Amino acid sequence: MHPELTPAAKLVAKMHEGSLMKFGQAVARQWYHERISAPTLLPRLTQVTAATQRFVMAALQAGVRFYQVRDEDGADLLMFTFAGVTQVLQERDMQVGDPNQRLHELFPDLPSGDQGAIV
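Residues numbered from 1 in each chain as written. Predicted model: local features only at pLDDT ≥ 70, side-chain atom pairs only at ≥ 80, totals over all residues. Heavy atoms only, no water.

Chemist: Describe the overall build of the chain, and please don't skip the residues or the numbers.
Modeler: Each helix and strand in the chain was counted, giving 4 helices and 3 strands. Rg of the C-alpha trace for the chain: 19 Å, well past the compact-globule value of 14 Å for 119 residues, more than 25% over. Principal-axis analysis of the C-alpha atoms places the extent of the chain at approximately 60 × 30 × 30 Å. Looking at the chain as a whole, 24% of its 119 residues are labelled buried. Surface accessibility of the chain: about 8100 Å² in total, with carbon and sulfur atoms responsible for 56%. Each charge sign in the chain was given a centre, from 11 positive and 13 negative side chains, and these centres are 9 Å apart. (Helix = DSSP H or I, 4+ residues; strand = E, 2+ residues; numbered from the N terminus. Rg over C-alpha atoms; globule rule 2.2 N^0.38 Å. Buried < 20%, exposed > 50% of the residue type's maximum accessible area, 1.4 Å probe, protein only. Areas by Shrake-Rupley, 256 points an atom, 1.4 Å probe, with all protein chains shown as cover. Lys, Arg positive; Asp, Glu negative; His and termini not counted. Charge placed at Lys NZ, Arg CZ, Asp CG, Glu CD.)

Encoded structure:
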């Protein structure tokens, strides 16, 4: 009865020159700024320090896959994988000033350049 209320109709209203690109970029920018200004960068990782959260966010932005695992004693470990190389780190290994530099040390094949670094 009200086609203007469908999700498709709402998206059509956001189109600019036949594309949703500008709308998508605006949504992404808004999410990014909300995330980096939030008290916890990654709300699902509240048990780790802010420095560790910045490290994980930098890894994700650089295209590194991230998993949280537990060792045989139940301690949290963070596993990072890029281009077939996997590194398992404890939280103390991520307490660095420049997460991107540390990531390049761990994964030499990681592309360099501005990845929207979190500092």
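Don't stop here, the text continues.
Chemist: Go over the sheet that holds strand S2 (residues 76-82) with me, naming the residues and quoting the values.
Modeler: What links the strands of a sheet is backbone hydrogen bonding, and the strands pair in either a parallel or an antiparallel sense. If you walk across this open sheet you meet the 3 strands as S1-S2-S3, and the pairing is antiparallel. With one partner strand each, in any of the chains shown, strand S1 (65-70) and strand S3 (85-89) form the two edges of the open sheet. Taken over all neighbouring pairs, the strand axes of this sheet differ in orientation by 25° on average, direction set aside. Relative to S2, S1 runs antiparallel, the two sharing 6 bridges. Bridging from a neighbouring strand, Gln68 pairs with Leu78 of S2. Packing of helix H3 (residues 50-61) onto the sheet brings it into contact with S1, S2 and S3, and relative to S2 it is tilted by some 20°. (Pairing = 2+ DSSP bridges. Axes fitted to C-alpha atoms, helices over the stretch in contact; angles between N-to-C directions. Contact = heavy atoms within 4.5 Å.)

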